[in-house]
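Below are the chains, spelled out letter by letter.
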Amino acid sequence: QVQLVESGGGLVQAGGSLRLSCAPSGRTFTTYTMGWFRQAPGKEREFVAAITYNSFTYYSDSVKGRFTISRGNAKNTVYLQMNSLKPEDTAVYSCAAGSGTYYYSTSGYLYWGQGTQVTVSS
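These lines cover the structure that appears in this document, whether it is placed above or below. (Residues numbered from 1 in each chain as written. Predicted model: local features only at pLDDT ≥ 70, side-chain atom pairs only at ≥ 80, totals over all residues. Heavy atoms only, no water.)

## Observations regarding the packing of aromatic side chains
On inspection of all chains with the given rule, the structure shows eleven aromatic pairs. Aromatic pair Phe29 and Tyr111: ring centres 5.2 Å apart, planes at 70°, arrangement edge-to-face. Pair noted here: Phe29 is in the loop between strand E3 (18–25) and strand E4 (33–39) and Tyr111 is in strand E10 (residues 109–112), with a separation of 82 residues, a long-range link. Phe29 gets classed as buried once you look at its relative accessible area, which sits at 0%. Taken together, the ring pairs in this structure connect Phe37, Phe47, Tyr58, Tyr102, Tyr103, Tyr104, Tyr109 and Trp112 into an aromatic cluster. Sitting above the plane of the Tyr79 ring, Arg19 keeps its charged end 3.9 Å from the centroid. Here the basic side chain of Arg27 rests over the ring of Phe29, its NZ or CZ set 5.1 Å away from the ring centre. (Phe/Tyr/Trp six-rings, centres within 6.5 Å; stacked < 30°, edge-to-face > 60°. Helix = DSSP H or I, 4+ residues; strand = E, 2+ residues; numbered from the N terminus. Buried < 20%, exposed > 50% of the residue type's maximum accessible area, 1.4 Å probe, protein only. Lys NZ or Arg CZ within 6 Å of the ring centre and 35° of its normal.)

## Some remarks on the sheet that holds E3
One open sheet accounts for four strands, arranged E1-E3-E8-E7; its pairing is antiparallel. Looking at which strands have only one partner, the edges of the open sheet turn out to be strand E1 (3–7) and strand E7 (67–71). Sheet twist, expressed as the average angle between the axes of neighbouring strands with direction ignored, equals 15°. Bridge analysis of E7 against strand E8 (residues 78–82) gives five bridges, and the strand direction is antiparallel. Along E8, the bridge assignment pairs Thr68 with Gln81. (Pairing = 2+ DSSP bridges. Axes fitted to C-alpha atoms, helices over the stretch in contact; angles between N-to-C directions.)

## Focus on the nonpolar core
Core analysis: the largest hydrophobic core is formed by 25 residues, its most contacted members being Met34, Trp36, Val48, Phe67, Leu80, Met82 and Tyr93. For this core, the secondary-structure elements that each account for two or more residues are E3, E4, strand E5 (46–51), E7, E8, strand E9 (91–98) and strand E11 (116–121). Tallying contributions element by element places E9 first for this core, with four residues. Residues contacting Val48, with those up to four places away along its chain left out, are Trp36, Phe37, Arg38, Tyr58, Tyr59, Ser60, Val63, Phe67, Leu80 and Tyr93. (Core = buried A, V, L, I, M, F, W, Y, C linked by side-chain atoms within 4.5 Å. Contact = heavy atoms within 4.5 Å.)

Next up, the structure:
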């Protein structure tokens, strides 16, 4: 069974940092675009960041300059380093794997993790 497992979420004060990890199991995703999305209560899931198989990166305007997406050395694990966190970053963060054509849209991804909660207190 193919799975994406996120970890690293938690509670942090505004201005703090967290590092999320996404570890696949059941197959490798080295040739896929990997993305991070988030969903806050009462809101739609929104694009956060994506990294292509050859390490091109994309970010939403709301996180650009504060978040960094990267792949591990084996390129199968994906990380999201989140700095200068704000209360509005509070959400469930999910990683996903897809073809990369529509990296900014949930429709561009085939596989999804269950998500990890990030809470930023003011």
